[in-house]
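# Architecture at a glance
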Amino acid sequence: MRTSMILVLVATVLPACRPATCLRDSDCGPGYQCVAVECAFAPVDTDMTTTGATDDATSTTTDTTGPTQTTTSTTTSTTMTDTSGDPSAVRTDTGHETSSDATSGGTTETSGTSGSEDSTTEDGSSSDGSSDVSGSSDIGASGSASDASSDAGTSESTGPATL
Amino acid sequence: MIGAWHGTWILCGGLIGSVAPAEKLQVSASVLAGTGMSLAGSGGKTYARRSPTFLLGEVGIVHPDLDWLEFAPTISFEIEGRVGIGLMPKLRARLPGKRVRIWALAALPIFFTPYSLLGIQGGAGISLALHKRLAIIAEFTGTGFVWGSDLMDGGSLVKLDQQFGVRVSF
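Residues numbered from 1 in each chain as written. Chains lettered and ligands numbered in written order. Predicted model: local features only at pLDDT ≥ 70, side-chain atom pairs only at ≥ 80, totals over all residues. Heavy atoms only, no water.

Let us now look at the overall build of chain A. Along its length, chain A carries one helix and ten strands. Along chain A, from the amino end to the carboxyl end, the secondary structure elements read α-β-β-β-β-β-β-β-β-β-β. Here chain A holds 163 residues, and 35% of them are scored as buried. Contacts in chain A between residues far apart in sequence, at least 24 positions, make up 37% of those at least 6 positions apart. (Helix = DSSP H or I, 4+ residues; strand = E, 2+ residues; numbered from the N terminus. Buried < 20%, exposed > 50% of the residue type's maximum accessible area, 1.4 Å probe, protein only. Contact = heavy atoms within 4.5 Å.)

Written out as structure tokens, the structure reads:
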């Protein structure tokens, strides 16, 4: 054990070596994987028909330029992005409904329902061609969630939502 | 697997024609526990972390006419923060000695559940006989894992470990 500690000490004081949170997936808890020596939610995509996107918080904006009216309701996979915690933490939830509802006047609104423990839906409309996107995100067991919306090309976080 | 096959071949007298098939192999059993340091690279930097504690159980087999060579199939358990099970065929090339023996070793660690890891191991060891049938042993190994579901994407893992234990000869 003493030799081990010496080895660890020597390695960590070397400029080229830095302590790491994880080096293997098994260093992280269940459901996590080691990505760039940090534990992150393991993306699980069981439906090959989904887009499989793992968006950053700034890439959840839906931009429509013209009048669009579509109503779509599918059962597919929903990608939830944590906008208040670790940016690398991405979790994919499957089997929940994602609906996309667009009203007249060039407004596109997407509301995502994520999981049975959290449901946030924002119904809004505008006639200036802007795009509103609301999605709910939860952060593991911490119970906090954030609602990100974008309007006219801007993105802002509207604060934590309840579970 | 190559090591296991090779070791079996040697012990059966297939590699060296002058070595007759053994009438009675020298068999020992060892239990060791160890830890060490793990190294991995990411983003052009090298990161270090203490290796999870592991247990090794092995059976050492020596042909009486090839006392310098030992084949030791080993089962490995990683028990700290996880439970991983692996198999590790191991060969030891031993220097002659009575009470103290020193050896070099090569092994092929293969973890198969609940994650997979495949690598190659080399190192050295020493044993000190306390009794005709009982000895304490220490080994210092370096292992490179190059494939497996437990590795980071596109990464590899290097372990520098030491393990201590006891050996019972039969």
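Okay, back to it.
Bringing the overall build of chain B into the picture now. Tallying secondary structure elements over chain B gives one helix and eleven strands in all. Expressed as a percentage of its 170 residues, the buried residues of chain B come to 44%. Residue pairs in contact within chain B that sit at least 24 positions apart in sequence constitute 54% of those at least 6 positions apart. As displayed, chain B has an accessible area near 8200 Å², and 70% of this comes from carbon and sulfur atoms. (Areas by Shrake-Rupley, 256 points an atom, 1.4 Å probe, with all protein chains shown as cover.)

With that settled, the discussion passes to the packing of aromatic side chains. All names here are of chain B. Tallying each qualifying case throughout the model produces four aromatic pairs over all chains. Aromatic pair F140 and F164: ring centres 6.2 Å apart, planes at 85°, arrangement edge-to-face. Taken together, the residues F140 in strand β10 (residues 134–147) and F164 in strand β11 (residues 157–169) connect sequence positions 24 residues apart. Taking the relative accessible area as the measure of exposure, F140 reaches 41% and is therefore partly exposed. (Phe/Tyr/Trp six-rings, centres within 6.5 Å; stacked < 30°, edge-to-face > 60°.)

This paragraph deals with the nonpolar core. If you look at the biggest cluster of nonpolar residues, it comprises 15 residues, and the most contacted ones within it are A:L23, A:V37, B:L117, B:F145 and B:L157. With eight residues, the next largest nonpolar core counts B:L56, B:M88, B:W103 and B:L105 among its residues. (Core = buried A, V, L, I, M, F, W, Y, C linked by side-chain atoms within 4.5 Å.)

With that settled, consider the pairing of β10(B). Residues and elements named next belong to chain B. As judged from the twelve bridges shared by strand β9 (residues 117–129) and β10, these two strands associate in the antiparallel manner. Each residue of the ladder has a partner; that of S127, found in β10, is I137. Counting the residues that bridge the hairpin from β9 to β10 gives four residues. Of the strand pairs in this sheet, β10 and β11 are connected by twelve bridges, and their pairing is antiparallel. From the neighbouring strand, F145 faces β11, where its bridge partner is L157. (Pairing = 2+ DSSP bridges.)

Here we come to a nonpolar patch on the surface. Residues and elements named next belong to chain B. A cluster of nonpolar side chains, namely V31, L130, L134, I136, V166, V168 and F170, defines an oily patch on the protein surface of about 600 Å² accessible area. Those elements that place two or more of their residues in the nonpolar patch are β10 and β11. Positionally, L134 belongs in strand β10. For L134, a relative accessible area of 34% puts it in the partly exposed group. (Patch = residues over 30% accessible without salt bridge, like charges linked within 9 Å, V, L, I, M, F, W, Y side chains within 5 Å. Salt bridge = Lys/Arg side-chain N within 4 Å of Asp/Glu carboxyl O.)

Residue and element names in this part refer to chain B. Per the counting criterion, the structure on display carries 16 salt bridges over all chains. Residue E58 is joined to R92 by a salt bridge in which the shortest nitrogen-to-oxygen separation is 2.7 Å. Highlighted residues: E58 in strand β2 (residues 45–62) and R92 in strand β6 (residues 90–94), separated in sequence by 34 residues. Residue E58 shares its accessibility class with R92, and that shared class is buried. With a shortest N-O distance of 3.3 Å, K159 and D161 are connected by a salt bridge. Note on K159: relative accessible area 5%, which makes it buried.

Residue placement: B:R82 occurs in the loop between β4 (74–78) and β5 (84–88). Residue classification places B:R82 among the buried residues on the basis of a relative accessible area of 13%. For B:R82, the side chain forms a polar contact with the side chain of A:S26, separated by 2.7 Å. In this structure the side chain of B:R82 is engaged in a polar contact, spanning 2.7 Å, whose partner is the side chain of A:D27. Setting aside residues up to four positions removed in sequence, B:R82 forms contacts with A:R24, A:S26, A:D27, B:R49, B:P52 and B:Y115. (Polar contact = N/O pair within 3.5 Å; in protein donor to acceptor, adjacent residues only side chain to side chain.)

Another aspect to go through is the confidence of the model for chain A. Taken residue by residue, chain A gives an average pLDDT of 52. The fraction at 70 or more is 17%. Throughout residues 49–163 of chain A the model reports pLDDT below 50, and contacts reaching past four residues in sequence, or to other chains, amount to 201 contacts. (pLDDT = per-residue confidence, 0-100.)

Our next topic: the state of the cysteines. All names here are of chain A. All told, the structure shown has two disulfides over all chains when counted by the stated rule. Covalently, C22 is tied to C34 through a disulfide, its sulfur atoms 2.1 Å apart. Disulfide C22-C34: torsion about the S-S bond near 90°, hence right-handed. Remark: C34 occurs in strand β2 (residues 32–35) and C22 occurs in the loop between β1 (17–19) and β2; sequence separation between them is twelve residues. In this structure C22 comes out as buried when scored by relative accessible area, which is 0%. (Disulfide = S-S within 2.5 Å.)

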